[in-house]
Amino acid sequence: MKLAEALNERADLQKKAEMIRSRLHANSKVQEGGKPNEDPVDLMKELSGILTRLEYLIVHINRTNEVARTASGQTIAELIAHKDMLAKKISILGTLLNGGNEITTRVTRTEIRIMPAFDVKAVQKQVDELSRELRETDTKLQEQNWLTELSE
């Protein structure tokens, strides 16, 4: 199984587990003498199987991410960490840009003019460059996921 297939299955299982959580909640109480639409015991058995498979996948995905290397020698885990930090930096710089781009209105010419405390164009250029790097990193990561076999 390719790593990408395992990642897709993991996402599906996580969604199924959350759906069963909702179904369990919906069927946790009934009116005296009534029956739930679904048997909570059966739902718990189904959930148990899902969580067992999910645990297996998570362990093997993490193991694969630690040992599989890209052509440049990075592990997949290192590539994921780099991608996450790029996204975090873009988010933080975006907050800075939003603050610097806020328009403050003046009623009269004598009111103090509020200006950005940084070079908005330079920061925007930096965000654009980081965004390009993030897209390239994500593409490299996706490619590696489809080339890499899941570790046993």
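Located above this text is the structure these notes cover.
Residues numbered from 1 in each chain as written. Predicted model: local features only at pLDDT ≥ 70, side-chain atom pairs only at ≥ 80, totals over all residues. Heavy atoms only, no water.

Caption draft 1: Here's a closer look at the pattern of salt bridges. Here the structure, examined in full by the defined rule, presents eight salt bridges. The salt bridge involving Lys2 is made with Glu149; its shortest N-O contact spans 3.0 Å. Of this pair, Lys2 sits in the segment before α1 (3–26) while Glu149 sits in the segment after α4 (120–147), and the two are 147 residues apart along the sequence. Overall, the relative accessible area of 26% leaves Lys2 in the partly exposed class. For the salt bridge of Arg132 with Glu129, the shortest nitrogen-to-oxygen distance reads 2.0 Å. A residue pair is termed a helical-turn pair when its members lie 3 or 4 positions apart in one helix, as Arg132 and Glu129 do in helix α4 at three residues. The class for Arg132 is partly exposed, based on a relative accessible area of 31%. When salt bridges that share partners are traced, they join Arg23, Glu38 and Glu46 into one network. (Salt bridge = Lys/Arg side-chain N within 4 Å of Asp/Glu carboxyl O. Helix = DSSP H or I, 4+ residues; strand = E, 2+ residues; numbered from the N terminus. Buried < 20%, exposed > 50% of the residue type's maximum accessible area, 1.4 Å probe, protein only.)

Caption draft 2: Spotlight on the environment of Gly99. Of note, Gly99 is situated in helix α3 (residues 76–101). We classify Gly99 as partly exposed; its relative accessible area is 41%.

Caption draft 3: Region of interest: α1. In a regular helix each residue adds 1.5 Å, so 24 residues correspond to 34 Å; α1 covers 35 Å between its end C-alpha atoms and thus fits that length. Of all the residues in α1, the buried ones are Leu3, Ala4, Ala6, Leu13, Ala17, Ile20 and Leu24. Next to the buried residues of α1 lie α2 (40–67), α3 and α4. (Expected span 1.5 Å × (residues − 1). Contact = heavy atoms within 4.5 Å.)

Caption draft 4: Just the layout of surface pockets, in detail. Within this model, the largest pocket holds a volume of roughly 200 Å³. Every residue lining the largest pocket is counted, 16 residues in all, and those nearest its centre are Leu7, Arg10, Leu141, Gln142 and Asn145. Among the residues forming the lining of the largest pocket, the class breakdown is eight nonpolar, five polar and three charged. In this model, the second largest pocket occupies a volume close to 180 Å³. Taken together, Gly99, Gly100, Glu102, Ile103, Thr104, Arg113, Ile114, Met115, Pro116 and Ala117 form the lining of the second largest pocket. Here the residues of the lining of the second largest pocket sort into five nonpolar, three polar and two charged. (1 Å grid on protein atoms, 1.4 Å probe; cavity = no way out; pocket = protein on both sides within 12 Å on 5 of 7 lines; lining within 4 Å. Points joined across faces, edges and corners; volume = space filled by probe spheres on them. Nonpolar A, V, L, I, M, F, W, Y, C, P; charged D, E, K, R; others polar.)

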